[in-house]
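Now for the letters of each chain:
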Amino acid sequence: MVAGLATVGGRAEEPAPAACGASGRPGGQPRHIIHLVADGMCWSTFTMGDAYARLKRGRGLRWLELFRAPEAVVTTVNMRSLNSMVTDSAAASSSWGSGSRVVNGTLNMLPDGRKLRPLGPLFGEAGWRRGLVTTTEITHATPAGFAATVKSRGEAETIAPQYLAHRIEVLLGGGRKFFDRAKRKDHTDLFAAYRKAGYTVVQTADELGRAPVRSRLLGTFAASHLPFGLDLDQDPDRRREVPTLAAMTRAALKRLEDADHFLLQVEGGRVDHGGHACDIAAALRELVDFDEALEVCLEFQRRVPETLLVITTDHGTGGPALNGVGSKYGDSSPLFAHILGARRSFEALEKEVPKVAGVGDLQRLLGEALGYRPPEEKAAAFLAFVEKQWKPLFGGMDGLGMQLGQLMANHYGVSWTSGAHTGEYVPLVALGPGAARFRGFQQNTDIFRHYTDLAGIDYRNPEAPLLAECAPSAATAEFGELLA
Ligand SMILES: [Zn+2]
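Per chain, residues are indexed from 1 in the order of the written sequence. Local features in this predicted model are restricted to residues of pLDDT 70 or higher, and side-chain atom pairs are both shown and tallied only at a pLDDT of 80 or more, whereas totals for entire chains, interfaces and linings draw on every residue.

Could you give me a rundown of the overall build of the chain, with the residues and numbers involved?
Each helix is a run of DSSP H or I of at least 4 residues and each strand a run of E of at least 2, with the numbering of both proceeding from the N terminus. When its secondary structure is counted, the chain shows 21 helices and 14 strands. Expected size for 484 residues packed as a compact globule is a radius of gyration near 23 Å; at 22 Å, the chain falls within 12% of this value. Expressed along its principal axes, the backbone C-alpha trace of the chain runs to roughly 65 × 55 × 45 Å. Each residue is classed by its C-beta neighbour count within 10 Å, where at least 20 other C-beta atoms makes it buried, 12 or fewer makes it exposed, and intermediate counts make it partly exposed; the C-beta atoms are placed from backbone geometry. Within the span of the chain, comprising 484 residues, buried residues form 49% of the whole. Radius of gyration: C-alpha atoms only; globule rule: 2.2 Å multiplied by the number of residues to the exponent 0.38.

Below is the structure:
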């Protein structure tokens, strides 16, 4: 069975070189490339995100509207990693970033230790400005896949100075602790090092608004990831401090736009975290915030048509789906609308749930935070799980958030396959000059070749043979570490 995967993992045929047409045309050559990633978005999350956006703001996802644009190229991508049909974000971003598949958890490094050169430094040497924008830690796997080379994605303290070494012009996201002398193990003051190299260093939305346009920019707006949009809505003071993904994207474009060429990655990184937590309200809210950042990029492209936009995800997370509920499935739509009643993320609730004083207290907490007072029997069963009195039959659902997600399925109609990533071909939309290259089913590694070819960069990293094909490991029903 495993051997049969060879064609799935193999490289797609190289597309014919794009004709250099008029700028702005799909066959043309871009001056700018913007790569947008809604991290951890299943097809079902996309479907539900469109319905949620309609309910929340009266119009569906802009991303989905692009599927109807005659000039847009719409396709699917095989995101598998070197060792698995199910990728993590490090291997996924490395495949785009270096054109080589790597083992999950590593960033731009082959299993034998050979280092791969990612897009960030390659484009920098070719005279392109570079930017990374995310709602996660700026050192997290997806941004790092474009500009860092480390054995383990967990080496955030090593990734932070690599961005400086490559002089990535714009860095906006979370992860302040990895730059802060007081928090770093080696006590290096990376903020000072960045300032010395000509960066403006900011930590609030206000400072971001006042930062000079003509300097390199490092913005870290939280110690770790930026809070979920859902939680920020309840905390206006914090909301004022933390810029939205759209605001960060706008700030990045301001600093990049006067360059002849730039490459910008924009990540809605916490769609994935909502999926890991089996928290559909948090995930869909993050997807709508991502869609607003996409809107900023589309506005930019209207002004500067020599811009290629590529909008995609790296993998699915959690496998959520809206189920048929009730007679003739007539309850599904009203249940789905309950998602709008969620006022806090599961992440914000996780510390409070184990402390509740019995069934009534749990019903009150969930009623206030999520708009759902579970019936006594269900609340009691959930509390018994929290108190470790039973374990789920499927090991992939053994977590507080995961069981809270299943409890909330009674209220939302949305249940989950696990709290882990899913292996699925993902959607990709390309729009603007160079988009023609993306026609047809793509391999993740093709993206690197498209970007480098479009930029006139002649560089190929070494590749390693797929591990799942040559050394299948013993199948096991145990679920290991959850990679983000
Ligand atoms: Zn993840």
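Which residues make up the sheet that holds strand β2 (residues 73-78), and what are the values?
Spatially, β5-β6-β4-β3-β7-β1-β8-β13-β2-β14 is the arrangement adopted by the 10 strands of the open sheet, whose pairing is mixed. On the outer flanks of this sheet lie β5 (199-202) and β14 (442-443), each paired with one strand and no other. In terms of strand pairing, β2 meets strand β13 (residues 426-431) through 5 bridges, oriented antiparallel. Its bridge partner lying in β13, T76 is registered against P427. At least two DSSP bridges between two strands are required for those strands to pair.

Please give an account of the environment of A379 that cites residues and values.
Within the fold, A379 resides in helix α18 (residues 376-386). Exposure remark for A379: the 21 C-beta atoms within 10 Å place this residue in the buried category. In the structure, A379 is positioned 15 residues away from R364 in sequence and 11 Å away in space, judged by C-alpha atoms. Sequence-distant contacts of A379, defined by excluding residues within four places in its chain, comprise V359, L362, Q363 and P374. Note that contacts rest on C-beta atoms placed from the backbone: two residues are in contact if these are within 7 Å.

Quick one: what's the story with the domain arrangement of the chain, residue by residue and with numbers?
Domain delimitation in this document rests on an assignment produced automatically or drawn from a domain database. Split by domain assignment, the chain resolves into domain 1 (20-319 + 423-463) and domain 2 (343-415). Each of domain 1 and domain 2 has a C-alpha centre, and these two points are 33 Å apart. Every element with two or more residues in the side of domain 1 that touches domain 2 is listed here: α10 (229-232) and α14 (280-303). Under the scheme applied, nonpolar residues are Ala, Val, Leu, Ile, Met, Phe, Trp, Tyr, Cys and Pro; charged residues are Asp, Glu, Lys and Arg; polar residues are all the others, including Gly. Here the side of domain 1 that touches domain 2 is built from residues that sort into 7 nonpolar, 1 polar and 2 charged.

Please give an account of the packing of helix α12 (residues 245-256) against α14 that cites residues and values.
To get an axis, a line is fitted to the C-alpha atoms, and for a helix only the part in contact is used. The angle between two axes follows their N-to-C directions and goes from 0 to 180 degrees. Close contact between α12 and α14 brings their axes to 7 Å; oriented N to C, the two are set at 25°. If you check the angle between α12 and α14, you find them roughly parallel. With respect to the hand of their crossing, α12 and α14 are arranged in right-handed fashion. The residues of α14 that touch α12, namely those facing L245, A246, T249, R250 and L253, are D289, F290, E292, A293, E295, V296, C297 and F300. Looking at side-chain class alone, the contact of α12 with α14 contains 8 nonpolar, 1 polar and 4 charged residues. Under this scheme an angle from 65 to 115 degrees is roughly perpendicular, one under 35 degrees roughly parallel, and one over 145 degrees roughly antiparallel; angles in between are oblique. Note on convention: the crossing is left-handed when the near helix lies turned anticlockwise from the far helix by less than a right angle, right-handed when the turn is clockwise.

Requested: an account of helix α17 (residues 359-370), with residues and values cited.
Take the residue count of a helix, subtract one, and multiply by 1.5 Å to get its expected span. Along its 12 residues, α17 runs 16 Å from first to last C-alpha, staying within 8% of the 16 Å computed at 1.5 Å per residue. Regarding α17, the residues found buried are L362, L366 and L370. The buried residues of α17 all sit within an arc of 25° when viewed along its axis, so they share a single face. The outward face of α17, more than 90 degrees from its buried face, is lined by the exposed residues G360 and E368. Against α18 and α19 (400-412) lie the buried residues of α17. The arc in question is the one spanned by the directions pointing from the helix axis to the C-beta atoms.

For the nonpolar core, give the residues involved together with the corresponding values.
Think of a nonpolar core as buried Ala, Val, Leu, Ile, Met, Phe, Trp, Tyr and Cys residues chained together by C-beta atoms that fall within 7 Å. Core analysis: the largest hydrophobic core is formed by 122 residues, its most contacted members being L36, L171, A252, C297 and A430. Both domains that meet at this core, namely domain 1 (20-319 + 423-463) and domain 2 (343-415), each give it at least three residues. Not counting chain neighbours up to four residues away, the residues in contact with A430 comprise V73, L308, V310, A435 and F438.

Mind laying out the packing of helix α2 (residues 43-57) against α14, listing which residues take part and the relevant values?
Closest axis-to-axis distance for the α2/α14 pair is 9 Å, and the angle between their directions is 80°. Judged by the inter-axis angle, α2 sits roughly perpendicular to α14. Contact residues: T45, M48, G49, Y52, A53 and K56 in α2; A283, L284, L287, V288 and D291 in α14. For the contact of α2 with α14, the per-class residue count stands at 7 nonpolar, 2 polar and 2 charged.

Can you break down the pairing of strand β3 (residues 129-137) residue by residue, with the values?
In terms of burial, β3 is largely enclosed, as 9 of its 9 residues are buried. Alignment of β3 against strand β7 (residues 262-268), held across 6 bridges, turns out to be parallel. Considered in β7, the bridge of V133 is made with V266. Where β3 meets strand β4 (residues 170-174), 4 bridges bridge the pair, whose relative direction is parallel. Along β4, the bridge assignment pairs E137 with G174.

Got a sec to walk through the pairing of strand β1 (residues 32-38)? Specific residues and values, please.
When a strand is regular, its side chains alternate between the sheet's two faces. Summarising burial for β1: 7 of the 7 residues are buried, a large majority. Neither face of β1 is open: one carries H32, I34, L36 and A38, the other I33, H35 and V37, and all of them are buried. As paired strands, β1 and strand β8 (residues 307-312) are joined by 6 bridges and run parallel to one another. Bridge pairing links H32 to T307 in β8.

Quick one: what's the story with unusual backbone geometry, residue by residue and with numbers?
Of note in the backbone geometry, R167 takes a positive phi value of approximately 55° without being a glycine. If you trace the backbone, R167 turns up in the loop between α7 (156-165) and β4. We note that K328 has phi near 50°; this positive angle belongs to a residue other than glycine. A count of 7 C-beta atoms within 10 Å places K328 in the exposed class.

Tell me what's going on with the environment of F146, and back it up with residues and numbers.
Along the chain, the position of F146 falls in the loop between α6 (141-144) and α7. C-beta crowding within 10 Å serves as the criterion here: with 32 such atoms nearby, F146 is assigned to the buried category. Measuring from C-alpha to C-alpha, the distance between F146 and Y412 comes to 37 Å, with 266 residues separating the pair along the chain. Other than its neighbours up to four places away in sequence, F146 contacts S93, G97, P118, L119, G120, L132 and Q265.

Quick one: what's the story with the environment of F191, residue by residue and with numbers?
Mapped onto the secondary structure, F191 falls in helix α8 (residues 190-196). For the pair formed by F191 and L217, sequence separation is 26 residues and the distance between their alpha carbons is 11 Å. What F191 contacts, discounting residues up to four positions off in sequence, is F179, D180 and V201.

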